[in-house]
Amino acid sequence: MSVIENAIAYIQKLFKENADGHGVDHTMRVYHNALNIAKHYDLCDLEIISLAALLHDVDDHKLFNTINNANARYFLSRENMDNDRIELVCNIINSVSFSKNKGKHPESLEGKIVQDADRLDAMGAIGIARTFAYGGKCGRDMDSSVNHFHEKLLLLKDLMNTKEAKEIAENRHRFMEQFLCELNEEII
Ligand code: NI
């Protein structure tokens, strides 16, 4: 089994009981988004991108009580990965989060791609579905979920790093605006 296949098996086990939009399905979409963007860049490290995408939520504070990327590090050392590559993956994971990094962009191309990949999955139809699924799980009312669009999701299109992600983000942004418009009309 390759390290990528092992990472997929690892997250499947870790996220087994998660159905709030942060589970395996989200991670697999981020992984595929990242590969789709990465194919436009000859000089990127695909293994680092894949592992950072697959492991980007394994220490998410909303889901796990770990410190210092413990789950990611546990997996990567079990795979006998070199220490400097483990650091590379963990640095990317830590630079991806929206709340922890506000306006900051990751420095490496690999980090930029994974951040874009994760943010794309918070937009469009899938972003809408995830917002209400997560809101429901936390007992949030609809107004607070709608607020989340204004506080975060509608800001994402201007924060993309790569031109490939920007293009996809434009469409997903437009769709969210249409949705909010329609929702507003139906609610009144
Ligand atoms: Ni994520």
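Fair warning: this is a prediction, and the values are worked out from it, not measured in the lab.

**So, the packing of helix α8 (residues 124-137) against helix α10 (residues 163-187)**
Here comes step 1: Their axes nearest at 7 Å, the elements α8 and α10 cross at an angle of 50°. As summarised for this structure, α8 and α10 are arranged oblique, according to the angle between their axes. Contacts between α8 and α10 involve Gly124, Ala125, Ile126, Ile128 and Phe132 from the former and Arg172, Phe175, Met176 and Phe179 from the latter.
Here comes step 2: The residue makeup of the contact of α8 with α10, split by class, is seven nonpolar, one polar and one charged.

**Here's the deal with the coordination of the nickel ion**
Here comes step 1: Bound to the nickel ion are the protein donor atoms His26 (NE2), His56 (NE2) and Asp118 (OD), situated 2.1 to 2.3 Å from the metal.
Here comes step 2: Mapped onto the sequence, the residues coordinating the nickel ion show the spacing H-x29-H-x61-D. Of this pair, His56 sits in the loop between α3 (46-55) and α4 (70-78) while Asp118 sits in helix α7 (residues 109-120), and the two are 62 residues apart along the sequence.

**Concerning helix α1 (residues 3-14)**
Here comes step 1: The terminal C-alpha atoms of α1, which comprises 12 residues, lie 16 Å apart, in line with the 16 Å expected from a rise of 1.5 Å per residue.
Here comes step 2: Taken as a whole, α1 has its buried residues at Val3, Ile4, Asn6, Ala7, Ile8, Tyr10 and Ile11.
Here comes step 3: Those residues of α1 hidden inside the fold are in contact with α2 (24-38), α3 and α4.

**Quick notes on the pattern of salt bridges**
Here comes step 1: Inspection of the entire model under this criterion finds eight salt bridges.
Here comes step 2: Between Arg73 and Glu87 there is a salt bridge, with the nearest N and O atoms lying 2.8 Å from each other. Remark: Glu87 occurs in helix α5 (residues 83-96) and Arg73 occurs in helix α4; sequence separation between them is 14 residues.
Here comes step 3: Here Glu164 makes a salt bridge to Lys163, at a shortest N to O gap of 3.2 Å.
Here comes step 4: For Lys163, a relative accessible area of 55% corresponds to the exposed category.
Here comes step 5: What emerges from the salt-bridge pattern is a single network uniting Asp25, Arg29, Asp121 and Arg130.

**Regarding the packing of α3 against α5**
Here comes step 1: Two elements in contact, α3 and α5, have axes whose closest approach is 9 Å; the angle formed by their N-to-C orientations is 50°. Judged by the inter-axis angle, α3 sits oblique to α5. When you trace α3 past α5, the crossing you get is right-handed. On α5, the residues that touch Glu47, Ile48, Leu51, Ala52 and Leu55 of α3 are Arg85, Leu88, Val89, Ile92 and Ile93.
Here comes step 2: The residue inventory of the contact of α3 with α5, partitioned by class, reads eight nonpolar, no polar and two charged.

**Thoughts on the confidence of the model for the protein chain**
Here comes step 1: Summing up the model confidence of the protein chain, the mean pLDDT is 93 and the portion of residues at 70 or higher is 94%.
Here comes step 2: Predicted confidence in the protein chain is weakest over helix α6 (residues 98-101), with a mean pLDDT of 68, and strongest over α3, with 98.

**Observations concerning the environment of Glu164**
Here comes step 1: The residue Glu164 is located in helix α10 in this model.
Here comes step 2: Counting along the chain gives 124 residues from Glu164 to His40, while the straight-line C-alpha distance between them is 8.2 Å.

Each value, and the rule that gives it
Residues numbered from 1 in each chain as written. Predicted model: local features only at pLDDT ≥ 70, side-chain atom pairs only at ≥ 80, totals over all residues. Heavy atoms only, no water. Axes fitted to C-alpha atoms, helices over the stretch in contact; angles between N-to-C directions. Helix = DSSP H or I, 4+ residues; strand = E, 2+ residues; numbered from the N terminus. Parallel < 35°, antiparallel > 145°, perpendicular 65-115°, else oblique. Contact = heavy atoms within 4.5 Å. Nonpolar A, V, L, I, M, F, W, Y, C, P; charged D, E, K, R; others polar. Donors = N, O, S within 2.8 Å, 3.2 Å for Na, K, Ca; no water. Expected span 1.5 Å × (residues − 1). Buried < 20%, exposed > 50% of the residue type's maximum accessible area, 1.4 Å probe, protein only. Salt bridge = Lys/Arg side-chain N within 4 Å of Asp/Glu carboxyl O. Left-handed = near helix turned anticlockwise from the far one by under 90°. pLDDT = per-residue confidence, 0-100.

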